[in-house]
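Now for the letters of each chain:
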Amino acid sequence: MSIAAYHQTIAESDDPRKIEYRVFLRITLALERNGSADWRSSDLKDALWRNLELWNTLRADLLEDGNALPEALRAGLVSLSFTVERHSQRVLRGEGGVDLLVDINRAVMQGLQGARQPARELADRELATEDLSYGA
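Residues numbered from 1 in each chain as written. Predicted model: local features only at pLDDT ≥ 70, side-chain atom pairs only at ≥ 80, totals over all residues. Heavy atoms only, no water.

(A) The arrangement of the environment of leucine 48 in detail. The residue leucine 48 is located in helix α3 (residues 42-62) in this model. Along the chain, leucine 48 and valine 84 lie 36 residues apart, while their C-alpha atoms are 9.6 Å from each other. Setting aside anything within four residues of it in sequence, one finds leucine 48 in contact with Leu31, Ser88, Val91, Leu92, Val98 and Leu101. (Helix = DSSP H or I, 4+ residues; strand = E, 2+ residues; numbered from the N terminus. Contact = heavy atoms within 4.5 Å.)

Right under this line is the structure:
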């Protein structure tokens, strides 16, 4: 094992919240870096895919019976995972930008660091971008 790989392993065998934070940070930075790209950009699609993969993994973990997070927090995060999925599809169709996804990820990152974003502010932002029509 090379020294760089050893240091990477040590760094990532840290506190699980710190690891989760770093994963969110890497993906969020990729979204920000590619957020102004055309919706057909492969780099943007890659960042969106990685973000969806993260949120799908998070959702699966949150739905496990053994998850120790409080039920209300779990439910809120599961709801956000569906918002991430729907909004990502909009971005992939060229119907929106990545700002909402970045804001959601940043709010989760704040939570992982112990800071709290007002839930009402995040909910208002989600509702403002949500298409509430049923069918077309």
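The structure having been displayed, the exposition proceeds.
(B) Main features of the packing of aromatic side chains. With the rule as written, the count across this model stands at 1 aromatic pair. Geometrically, the ring pair formed by phenylalanine 24 and tryptophan 55 is edge-to-face, given 5.7 Å between the ring centres and 80° between the ring planes. One end of the pair, phenylalanine 24, is in helix α2 (residues 16-34); the other, tryptophan 55, is in helix α3, with 31 residues separating them in the sequence. Under the relative-accessibility criterion, phenylalanine 24 is labelled buried at 4%. Owing to a relative accessible area of 1%, tryptophan 55 belongs among the buried residues under this scheme. Against the face of phenylalanine 82 rests arginine 59, its NZ or CZ located 4.0 Å from the ring centre. (Phe/Tyr/Trp six-rings, centres within 6.5 Å; stacked < 30°, edge-to-face > 60°. Buried < 20%, exposed > 50% of the residue type's maximum accessible area, 1.4 Å probe, protein only. Lys NZ or Arg CZ within 6 Å of the ring centre and 35° of its normal.)

Don't take any of this as a statement about function, it's just geometry.
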